[in-house]
Amino acid sequence: MNTNPSQLESWDKEIVWHAFTQMSEYEPLIIDQAEGCTLIDIHGKRYLDGVSSLWCNVHGHRHPKIDAAIKAQVDKVSHVTNLGSSNTTTIQLAKRLTEIAPAGLEHVFFSSDGASAVEVALKMAFQYWQQRKDSKPKKTGYLAYADAYHGDTIGSVSVSGVAQFHAMFKPLLFNVQRLPSPNRDRLPEGVTPEDACKHHLDILESVLKEKHEEIAALVIEPLVQGAAGMIMQPEGYLNGVRELTKKYDVLMICDEVAVGIGRTGKMFACEHEQVEPDLLCLGKGLTGGYLPMSATLATTELWNTFLGSYADSKTFFHGHTFGGNPLSSAAAIASFDIFEEEQTLENLQPKIARLAEHLARIADHPHVGNVRQCGMMVGIELVKDRATGEQYDWTEERGMNACKHATDNGVWVRPLGNVIVLMPPLAISLDEIDQICTTVEQAIHFATAS
Ligand SMILES: *Cc1c(COP(=O)(O)O)cnc(C)c1O
């Protein structure tokens with residue numbers, strides 16, 4: 001096999017169609033290996049993984065425990081379908097998930113990626129109202145948020161709201177009732193930070209009051225709207241959403257594909273506000289960020305409405321070929337073992353504090369408009385004019401230029417527009433946090449100098 005670097009680079013540019021990438025401008029960055037929180041490219045250059053290989057990696061790359069678990073599973077069986085059959089490892093993972101998830105989520109449907117986990121939740125919610133004993137056939141709509149991101153399949157795009165990604169496909173999408181983004185850092189005129197939570201809950205309640213009979217479910221990214229640019233919600237909002245959705249008989253779908261698995265400092269973001277959703281979506285970090293796997297957790301109330309004889313046609317006619325794959329399951333179980341053995345969440349607190357120290361300094365930069373952090377999730381927003389909040393024109397690609405500069409200097413990060421995202425693996429060390437933050441700070445100077 002040809003592994004000549006320049007040959008690989010030209011094939012990578014000419015053959016591989018990269019996700020969310022303008023291929024005519026693509027400059028290959030080809031990783032060949034990794035160690036801990038460091039990626040190593042085909043030229044031997046090393047990069048700290050500042051965004052967890054796109055929000056996935058948890059315990060570092062090549063963790064001996066996860067590597068060993070996958071290898072041991074390969075020696076047993078690598079794939080078994082979960083359509084009408086099962087395997088030992090996937091059952092154990094399902095049990096484990098129900099033990100650690102918020103109360104009430106006692107059933108697990110496995111898929112292979114986050115978008116599918118959301119599709120599954122949307123379809124389960126829809127079907128639930130159709131075939132409940134006292135069915136509510138009019139409940140076919142959804143409530144979702146401006147700037148939400150739930151994945152790139154047509155159903156998940158329908159509930160998403162990132163205009164730049166989704167405008168093209170508008171004719172294909174189903175109609176969704178849209179709520180303004182509960183952005184604690186950008187409040188409408190006249191709304192104070194103290195009122196922000198109530199303000200947004202009042203909006204939700206007025207919509208629910210009028211439309212609840214037509215709404216099957218509300219879908220939300222708890223605490224942080226990730227792909228929107230790490231937009232953070234006012235404290236108490238998530239809990240308020242749970243109360244209102246209960247009051248108006250609307251299911252609550254929590255998409256924790258990004259925020260779940262420790263990223264916010266707790267295993268699940270819902271735990272910060274003691275929220276127990278009806279459906280919970282997990283992905284990205286579920287396998288420690290090693291292998292494709294996602295899960296949709298559901299309550300027994302939902303599960304029961306799908307029971308009956310085959311002829312009743314209450315079955316959930318939905319499945320993904322590799323859903324519940326045993327190799328992915330083995331990796332996920334090993335990852336949860338590591339959380340316990342290495343006390344990953346307990347050890348996170350000093351790291352979260354160290355990030356905050358650096359961010360307090362970076363926040364003073366004249367072209368940094370706003371810095372926000374929730375646990376290990378960080379957004380640093382670049383602005384043209386800090387006093388007026390005037391944004392850079394998106395075509396100037398300031399965020400991308402800053403990230404390229406950081407990458408050239410050994411810290412791999414990827415922006416969301418003009419927001420620089422930091423989301424290092426939970427296993428990152430304090431020294432590595434220092435290196436990421438100082439390199440990114442220099443990159444901000446560079447990208448905003450003229
Ligand atoms: C990444 C993401 C998804 C989509 O996951 P894929 O595995 O890319 O399909 C869905 N929801 C949220 C909140 C995400 O961050």
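Basis of the calculations
Residues numbered from 1 in each chain as written. Predicted model: local features only at pLDDT ≥ 70, side-chain atom pairs only at ≥ 80, totals over all residues. Heavy atoms only, no water. Domains from an automatic or database assignment. Contact = heavy atoms within 4.5 Å. Buried area = accessible area lost by both parts, 1.4 Å probe. Salt bridge = Lys/Arg side-chain N within 4 Å of Asp/Glu carboxyl O. Near = heavy atom within 4 Å. Polar contact = N/O pair within 3.5 Å; in protein donor to acceptor, adjacent residues only side chain to side chain. Areas by Shrake-Rupley, 256 points an atom, 1.4 Å probe, with all protein chains shown as cover. Nonpolar A, V, L, I, M, F, W, Y, C, P; charged D, E, K, R; others polar.

*Asks:* Explain the domain arrangement of the chain here, please?
*Replies:* Accessible area lost upon the coming together of the parts is a frequently used measure of interface size. You can read the domains of the chain as domain 1 (5–58 + 345–447) and domain 2 (68–341). The centre of domain 1, based on its C-alpha atoms, is set 27 Å off from the matching centre of domain 2. Domain 1 puts 30 residues into the contact, and the matching count from domain 2 is 30 residues. Approximately 2,300 Å² of surface area, both sides summed, lies buried where domain 1 meets domain 2, with 65% of it carried by carbon and sulfur atoms. Of all residues in domain 1, Trp-55, Leu-345 and Met-377 bury the most surface against domain 2, accounting for 27% of the area lost on that side. For the interface between domain 1 and domain 2, the tally reads one salt bridge. The salt bridge partner of Glu-381 is Arg-186, with a shortest N-O separation of 3.0 Å.

*Asks:* Help me understand the site of the ligand in this model?
*Replies:* Surrounding the ligand, one finds Trp-55, Asp-113, Gly-114, Ala-115, Tyr-149, His-150, Gly-151, Glu-221, Asp-255, Val-257, Ala-258 and Lys-284. Ala-115 places a main-chain nitrogen or oxygen 2.8 Å from an oxygen atom of the ligand. Computed on the free molecule, the ligand has an accessible area of 380 Å², of which 83% lies beneath the protein chains in the complex. A per-class count over the shell around the ligand returns five nonpolar, three polar and four charged.

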